[in-house]
Amino acid sequence: MKAWLMDEVGAELRLEEDRAKPSPGPGEVLIKVVAAGLCHSDVGYLEGVIPIIVDLPMVLGHEVTGIVEEVGEGVTEFAVGDEVAQAVKATDAPGVSRDGGYGEYVIGNVEMLVHKPADVSWSQASAATDAGVTSYSGVVVHGGITKGMRVGILGLGGLGMTGARIAVAQGAEVIGIEPREQVWEAAKERGVSRVVKDVSELAGEDLNVVVDFAGFGDTTVKAIDAVKFGGTVVLVGMGKLEFEFSSFDFITRAINLQGSTTIGRREDLEAVLKMIADGDLVIESSDIAFDEIPDGIDRLAKGEVSGRLVARYDS
């Protein structure tokens, strides 16, 4: 099979034309990749910011959807020809703990595998596996946002815009926080009630939850003033990896500070795919070809991508 390999930190991806196709073991399936999303985490691996947990060289790409081509011993939930998507977690996923979707075939763990709904496109399903579930995790799993809550979504980039729409679909009143006014109208089209430039403008509004998709330190600190007594600030973004804040308000107002990441649950991916299938969610994405993956990674690193890039192998 063809695959783009990461040989070492700091090096460009290398194309290998005749890499051996993997074979599924017990509880696994072999997936012929149809679509693989490009994630900024892959930039982090290549730049050495995020540690690699397996030996190099390896094939990156953890946002994988495709067709089951072979099943391993004991597999009964999936059959050859099934269209599937793979849930993601930090310790177990294609492109994380084994070769991933920047190759033509991957191994899927059936404990994290779901059937792709027929009316969800390959590109949307691929983006859902990580980008969609990351937003869902921040809003629903760790934010606990439900109908009737007043919430702030801080940072209306790709993940934040998806998170805002998920919060609206949950029945919450959603206020966006984003300095770039050019995206305000798009947020309102997704059901956001209003948008402010800085979270400090929401101080004293007693929101139930603020989900910080930016994570620049001062954004999280200011969000504490925007939530009610006993309210929650969920931190998803990693714009700054270390910051300081005063403990006084944090303690005296009993604020909950919750970190959030995807935890690899099938039910979370199924929930996002259902939202897409029902027409409640569209994840902004654009397709590229397999041969364009290195260029796409470079564009991600330079901040030139809006939404999700998805490499399609059926085009």
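Residues numbered from 1 in each chain as written. Predicted model: local features only at pLDDT ≥ 70, side-chain atom pairs only at ≥ 80, totals over all residues. Heavy atoms only, no water.

Draft legend 1. Fine view of the nonpolar core. Ranked by internal contacts, the top residues of the largest apolar core, which has 40 residues, are V139, I145, I153, L156, V174, V211 and L269. Counting residues per element, the ones that place at least two in this core are α2 (122-141), β9 (150-154), α3 (158-169), α4 (184-189), β12 (207-212) and α7 (266-277). Examining the composition of this core, we find that seven residues originate from one element, α2, more than from any other. Dropping the residues within four chain positions of it, V139 is found in contact with G144, I145, I153, G163, I166, A167, V211 and F213. (Core = buried A, V, L, I, M, F, W, Y, C linked by side-chain atoms within 4.5 Å. Buried < 20%, exposed > 50% of the residue type's maximum accessible area, 1.4 Å probe, protein only. Helix = DSSP H or I, 4+ residues; strand = E, 2+ residues; numbered from the N terminus. Contact = heavy atoms within 4.5 Å.)

Draft legend 2. Quick look at the side chain of S126. With respect to the secondary-structure elements, S126 resides in helix α2. Reaching out from S126, the side chain makes a polar contact with the backbone nitrogen of G37 at a distance of 2.9 Å. Each residue touching S126, except ones within four places of it in the same chain, is listed here: A35, A36, G37, E63, T65 and V310. (Polar contact = N/O pair within 3.5 Å; in protein donor to acceptor, adjacent residues only side chain to side chain.)

Draft legend 3. View of the sheet that holds strand β4 (residues 58-59). The three strands are arranged β2-β1-β4 in an open sheet whose pairing can be described as antiparallel. The sheet terminates laterally at β2 (14-16) and β4, the two strands that pair on one side only. As paired strands, strand β1 (residues 3-6) and β2 are joined by three bridges and run antiparallel to one another. Along β2, the bridge assignment pairs W4 with L15. (Pairing = 2+ DSSP bridges.)

Draft legend 4. Geometry of a negative patch on the surface. Together, E17, D18, D291, E292, D295 and E304 make up a negatively charged patch on the protein surface. Its relative accessible area of 39% is what places E292 among the partly exposed residues. (Patch = residues over 30% accessible without salt bridge, like charges linked within 9 Å, V, L, I, M, F, W, Y side chains within 5 Å. Areas by Shrake-Rupley, 256 points an atom, 1.4 Å probe, with all protein chains shown as cover. Salt bridge = Lys/Arg side-chain N within 4 Å of Asp/Glu carboxyl O. Lys, Arg positive; Asp, Glu negative; His and termini not counted. Charge placed at Lys NZ, Arg CZ, Asp CG, Glu CD.)

Draft legend 5. Layout of the packing of aromatic side chains. Enumeration over the complete set of coordinates arrives at four aromatic pairs. Between F243 and F245, the aromatic rings sit 6.3 Å apart at their centres with planes inclined by 40°, giving tilted as the arrangement. F245 sits in the partly exposed class, given a relative accessible area of 33%. When the centroid spacing of 5.4 Å and the interplanar angle of 70° are considered together, the rings of F245 and F250 count as edge-to-face. (Phe/Tyr/Trp six-rings, centres within 6.5 Å; stacked < 30°, edge-to-face > 60°.)

Draft legend 6. Representation of the environment of E47. With respect to the element layout, E47 can be found in helix α1 (residues 40-47). Linking E47 and V75, residues 28 residues apart in sequence, is a C-alpha distance of 37 Å. The residues touching E47, leaving out its near neighbours within four places in the chain, are V9 and A301.

Draft legend 7. Examining α2 more closely. With 20 residues, α2 should cover 28 Å at 1.5 Å per step; its first-to-last C-alpha distance of 25 Å lies more than 12% under that length. Maximal helix bending in α2 amounts to about 55°, located at A128. By the criterion of burial, α2 is predominantly enclosed, with 19 of the 20 residues buried. (Expected span 1.5 Å × (residues − 1). Bend = angle between axes of the 7 residues up to and from the residue.)

Draft legend 8. Quick peek at the side chain of Q124. Mapped onto the fold, Q124 is located in helix α2. Under the relative-accessibility criterion, Q124 is labelled buried at 11%. Here the side chain of Q124 touches I283 through a polar contact of 2.6 Å, landing on its backbone oxygen. The contacts of Q124, once residues within four sequence positions are left out, are I276, L281, V282, I283 and S285.

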